[in-house]
Amino acid sequence: MTPVKVGLLGLGTVGGGTAAVLNRNGKEIARRAGRAIQVEVAATLEPNRAKELGLDIGITDDAFSIVNDPEIDIVVELIGGYTLSKELVLQAIENGKHVVTANKALIALHGNEIFTKAQEKGVMVAFEAAVAGGIPIIKSLREGLSANQIEWIAGIINGTGNFILTEMRDKGRAFDDVLAEAQALGYAEADPTFDVEGIDAAHKLSILSAMAFGIPLQFEKTYTEGITKITPQDVEYADELGYAIKHLGITRRTEAGIEQRVHPTMIPKTCLLANVNGVMNAVLVHGDAVGPTLYYGAGAGDEPTASAVVADIVDVVRAMTSDPSNRVPHLAFQPDQLADIPVVDIKEITTAYYLRLCALDQPGVLASITKIMGNSDISIEAFIQKEPQNNAKNVDIILLTQRVKEGNMDNAIEQIEALDVTCSKVTRIRVESLK
Ligand code: HSE
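We now turn to the structure provided with this report. (Residues numbered from 1 in each chain as written. Predicted model: local features only at pLDDT ≥ 70, side-chain atom pairs only at ≥ 80, totals over all residues. Heavy atoms only, no water.)

### Here we look at the site of the ligand
Inference 1: Every residue lining the ligand is accounted for by K104, N158, G159, T160, Y187, A188, E189, D195, D200, K204, G299 and A300.
Inference 2: At a separation of 2.5 Å, an oxygen atom of the ligand approaches a polar side-chain atom of K104.
Inference 3: For the ligand, the protein covers 93% of the area, taking 250 Å² as the surface of the free molecule.
Inference 4: For the shell around the ligand, the secondary structure elements donating two or more residues are α8 (159-171) and α11 (199-213).
Inference 5: Here the residues of the shell around the ligand sort into three nonpolar, four polar and five charged. (Near = heavy atom within 4 Å. Polar contact = N/O pair within 3.5 Å; in protein donor to acceptor, adjacent residues only side chain to side chain. Areas by Shrake-Rupley, 256 points an atom, 1.4 Å probe, with all protein chains shown as cover. Helix = DSSP H or I, 4+ residues; strand = E, 2+ residues; numbered from the N terminus. Nonpolar A, V, L, I, M, F, W, Y, C, P; charged D, E, K, R; others polar.)

Okay, here's the thing in C-alpha cells:
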C-alpha cells in the first residue's frame, strides 16, 4: 500500500520532534497504523532547518502550497497562533484533508467552527498534543472514560508555570531567571505571558471542560489568573500549613452550572498533584463510576509533544477509510448532543481560602478582622500571626478559611482592606482538598 503523505506546517520544536519520531520509529508505527507514514514536505521560513535536523524532505516557505497540494493526505499544523493557522486549517479541511494540530489556542478559540466545518467535509481534526503535551488525556476523556459522568477535573496543564513554581520553591530561584530557562528549553509559548498569566492553561482547560461535560468550547468564560503574584513568602506559609501552591485548571459540574477556572491553588502536600514537579503535567479526572484517575507526563518539549502528534496521525490513518459518521466525535459527545449548561461566574464558586495581609501590631486588630469574617458568614479554619521582624510595627497575618462563596469572600476582603489597621492588599489563594 502506498504511504500516507503528511505535510508539516512548521518545523520548530514540535515539528522537528515529530519528524524525528516518525523517522526513528517509522517501521513500528507503520505496523500499528497499517500503512507507512511519510513526511513529504514541511513549511518553514528557515531554509536550512531540514538540513540541520538531518531530514530528507521537501521544504517550502509557502504553507498554503501544502494545504492546497492534492498529494498531501494529512496536514499537521504546528505553527501556533490563531490567525494564519486558522486560515490554513480551514483551507485544508475545505480541500478534504485531515488535520492534526498541537494548537490549543486555535482549538480553544475556533474549535467550534473548525469541527463544524470538518463534520461537513467528513474529515478528522485531531488535537491530542494541544492539552498536556505527551499525556493522552484527550483519548482518555473521549474514549477510556466514556462510561462515566465526569464530575470534576483538576490539572497542572502548563509545564512552564509548574517549572517556575517548582524552581522557586526548591531552589529559591528568581521568577525571571527560571522563565528564561523555560524559554531556552522550548517549553514556553512564543509569548511567555500566555504561560505565566494562565492563558495557555485556560486554552487547555476550556478544551477539557467541553470534552468532559459535552458543552461547546467556551474559552472566553474561563476565569483566568496567573502565577506572577505568588511570592516566596506565600510558598513558605503554604508549606508551614501543610500545603503546596500549584497552578491548576479546575472544571467541575455543579448544580449552578460548570465551573471553569485557572488560578494558583493551595492543595494538601500529601496529594499526588502536589508532588508533580518541574515541567511535568498531571490531570486528575473524577468520574462517577471509575472514581479518581490520574494522568501524568511531560507537558511540553519536542518529543513528548511529538508523541501525541504522531499518535494522532496514526489514529487518522487507521480511521481514514471509515464512514465519517462512525468516527469518535471531536469533542467526545455527538455534535448534535452538546448541552447548553451555563459556565458559572467566579463569584458563584465555593471554595476555601488562604488569605495573607499585613496589619498594624496593636490591640483589637484581630478582633476587627474576625468580626468582618463572622459577619460575612466565613468560618476560620487556621490562623497564623508572625512576630514582627526587626521591631517593625506591622505583622503578617495568615488565615485559612472554610469553604465559602467567592462573592462573600470578595465582600469580606474589601472590608478588611478598608480597615485603618491594614497596610497591604489582601493576598488570596484558593484552597482545594481535591477529594
Ligand atoms: N507552553 C506550554 C507549557 C507548552 O509550558 O505547558 C505546552 O503546551
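### Notes on the packing of helix α6 (residues 104-121) against α11
Inference 1: Packing of α6 against α11 brings their axes to within 9 Å, and their N-to-C directions diverge by 55°. When the axes of α6 and α11 are compared, the pair comes out oblique. Remark: the crossing between α6 and α11 carries left-handed chirality. Where α6 abuts α11, its residues K104, A105, I107, A108 and L109 lie against D200, H203, K204, S206 and I207.
Inference 2: For the contact of α6 with α11, a count of residues per class yields five nonpolar, two polar and three charged. (Axes fitted to C-alpha atoms, helices over the stretch in contact; angles between N-to-C directions. Parallel < 35°, antiparallel > 145°, perpendicular 65-115°, else oblique. Left-handed = near helix turned anticlockwise from the far one by under 90°. Contact = heavy atoms within 4.5 Å.)

### Overview of the layout of surface pockets
Inference 1: Of the volumes computed, that of the largest pocket is approximately 1100 Å³.
Inference 2: What lines the largest pocket is a set of 48 residues, and nearest its centre among them are L78, I79, G80, G81 and E189.
Inference 3: Looking at the lining of the largest pocket, the elements that each hand over two or more residues are α1 (13-24), α6, α8, α10 (193-196), α11 and α13 (302-319).
Inference 4: Of the residues that constitute the lining of the largest pocket, the class distribution is 18 nonpolar, 18 polar and twelve charged.
Inference 5: Counting contributing residues per domain, the lining of the largest pocket is built from domain 1 (4-134 + 302-337) and domain 2 (137-298), each supplying no fewer than three.
Inference 6: Here the second largest pocket is characterised by a volume of approximately 390 Å³.
Inference 7: Every residue lining the second largest pocket is counted, 23 residues in all, and those nearest its centre are M124, A319, R327, V328 and P329.
Inference 8: In terms of residue count, α13 provides more of the lining of the second largest pocket than any other element does, five residues in total. (1 Å grid on protein atoms, 1.4 Å probe; cavity = no way out; pocket = protein on both sides within 12 Å on 5 of 7 lines; lining within 4 Å. Points joined across faces, edges and corners; volume = space filled by probe spheres on them. Domains from an automatic or database assignment.)

### Points about the sheet that holds strand β5 (residues 98-101)
Inference 1: The strand order across the open sheet formed by six strands is β3-β2-β1-β4-β5-β6, and the pairing between neighbours is parallel. Every interior strand has two partners, whereas the edge strands, β3 (58-60) and β6 (125-126), have only one.
Inference 2: Sheet topology note: the strand β2 (residues 37-43)/β3 ladder contains three bridges and is parallel. Across the sheet, the residue bridging to A42 is I59, located in β3. (Pairing = 2+ DSSP bridges.)

### With respect to the pairing of strand β10 (residues 257-268)
Inference 1: With twelve of twelve residues buried, β10 is to be regarded as a mostly interior element.
Inference 2: As paired elements, strand β8 (residues 223-224) and β10 share two bridges and run parallel to each other. Each bridged residue has a counterpart across the sheet, and for Y223 the counterpart in β10 is R261.
Inference 3: Examined bridge by bridge, strand β9 (residues 243-254) and β10 share twelve bridges and lie antiparallel to one another. Bridge pairing in β10 places L248 opposite H263.
Inference 4: Across two bridges, β10 lies against strand β17 (residues 427-431) in parallel orientation. Looking across to β17, one finds that M266 is bridged to V431. (Buried < 20%, exposed > 50% of the residue type's maximum accessible area, 1.4 Å probe, protein only.)

### Looking at the nonpolar core
Inference 1: The biggest cluster of nonpolar side chains holds 51 residues, and the ones touching the most others in it are F127, I137, L141, I207 and V285.
Inference 2: At nine residues, the largest contribution of residues to this core is made by α11.
Inference 3: Excluding its chain neighbours within four sequence positions, the residues that come into contact with I137 are E128, V131, A132, L208, V283, V285 and Y295.
Inference 4: Membership of the second largest hydrophobic core comes to 34 residues, among which are L55, V100, M124 and V309. (Core = buried A, V, L, I, M, F, W, Y, C linked by side-chain atoms within 4.5 Å.)

### Examining the environment of V125
Inference 1: Looking at the element boundaries, V125 is found in strand β6.
Inference 2: You can call V125 buried: its relative accessible area is 2%.
Inference 3: Sequence-distant contacts of V125, defined by excluding residues within four places in its chain, comprise I93, V99, T101, I107, I114, F115, A118 and H330.

### A look at the environment of G122
Inference 1: Along the chain, the position of G122 falls in the loop between α6 and β6.
Inference 2: Counting along the chain gives 284 residues from G122 to E406, while the straight-line C-alpha distance between them is 44 Å.

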